[in-house]
Amino acid sequence: GTKGNLTAEQMTAIGEAARQTSGQMNQFATDIVRAQDFLVGMGLEVDRATRAMPSIAQAATATGASLEDLSKAGFAAMSNLGVAAEDLGTSFDIMAAAGKAGGFELRDMAQYLPSITALASAKGMSGENGLAQIASALQIVRRGAGDASEAATNFNNILQKINSNDAIKNFKKLGIDIQQVLK
């Protein structure tokens, strides 16, 4: 309540929404409130966090990932890529489908997406399309990595170094204007 500067009535409404979502999604209401508290603590508006919780809880139930981790992934998608709270369900579907097709699973994305989306956003990736590109790239990078952590580190390195002078020169040797491609 303090984080969101909420009145007692607003707190009651959030509790009711959490209980309704918990019943529909087979999650504990306290876990839903804790996940929503994380979102609000990160600066997401209370109303937007409340609208996001059903999608987050549904994805957690369907995949076995933790509500807290999926809240982090959802926050990253909303804040860094501009995904709407109402579109999180589709975003989680994109991540789950990519995980099924490769080895970087939704629970891995939930853990590593916050740092990855911050870098990807700076490279012009946004929305569900950007999320799909990230999820796909993570599957490719995972093939050459020992585990998800190494794959996330490798992908972060790619995003950090793609604009380096050496990378630009090397792409140019292959006839690719990487700066134009990124735009």
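Quantities reported herein were computed from a predicted structural model and do not represent experimental measurements.

1. Thoughts on the layout of surface pockets
Then comes step 1: Estimated volume of the largest pocket: approximately 240 Å³.
Then comes step 2: Around the largest pocket sit Lys 123, Gly 124, Met 125, Gln 133, Ile 158, Leu 159, Ile 162, Ile 178, Val 181, Leu 182 and Lys 183, which together line it.
Then comes step 3: The set of elements that each furnish at least two residues to the lining of the largest pocket consists of helix H8 (148-161) and helix H10 (178-182).
Then comes step 4: Classifying every residue of the lining of the largest pocket by side-chain character gives 7 nonpolar, 2 polar and 2 charged.
Then comes step 5: Size it by volume and the second largest pocket reaches roughly 170 Å³.

2. A short note on the nonpolar core
Then comes step 1: The biggest cluster of nonpolar side chains holds 50 residues, and the ones touching the most others in it are Ile 56, Leu 70, Phe 92 and Ile 134.
Then comes step 2: Going through the elements one at a time, helix H1 (8-25), helix H2 (29-41), helix H3 (46-63), helix H4 (67-81), helix H5 (88-101), helix H6 (106-122), helix H7 (127-143) and H8 are the ones with two or more residues in this core.
Then comes step 3: Among the elements that make up this core, the one with the highest residue count is H3 (8 residues).
Then comes step 4: Sequence-distant contacts of Leu 70, that is, excluding residues within four places in its chain, are made with Ile 56, Ala 59, Ala 60, Thr 63, Ala 65, Phe 92, Leu 106 and Ala 110.

3. Observations concerning the pattern of salt bridges
Side chains that differ in charge, positive against negative, can pair when their charged atoms come close.
Then comes step 1: A full pass over the atoms with the stated rule returns 5 salt bridges.
Then comes step 2: Between Glu 16 and Arg 19 there is a salt bridge; the shortest N-O distance is 2.7 Å. One end of the pair is Glu 16 and the other is Arg 19, both in helix H1 and 3 residues apart, which spans about a single turn.
Then comes step 3: The exposure class assigned to Glu 16 is partly exposed, which follows from its relative accessible area of 44%.
Then comes step 4: Among the ionic contacts, a cluster of salt bridges with common partners joins Asp 47, Arg 51 and Glu 86.

Conventions used here
Residues numbered from 1 in each chain as written. Predicted model: local features only at pLDDT ≥ 70, side-chain atom pairs only at ≥ 80, totals over all residues. Heavy atoms only, no water. 1 Å grid on protein atoms, 1.4 Å probe; cavity = no way out; pocket = protein on both sides within 12 Å on 5 of 7 lines; lining within 4 Å. Points joined across faces, edges and corners; volume = space filled by probe spheres on them. Helix = DSSP H or I, 4+ residues; strand = E, 2+ residues; numbered from the N terminus. Nonpolar A, V, L, I, M, F, W, Y, C, P; charged D, E, K, R; others polar. Core = buried A, V, L, I, M, F, W, Y, C linked by side-chain atoms within 4.5 Å. Buried < 20%, exposed > 50% of the residue type's maximum accessible area, 1.4 Å probe, protein only. Contact = heavy atoms within 4.5 Å. Salt bridge = Lys/Arg side-chain N within 4 Å of Asp/Glu carboxyl O.

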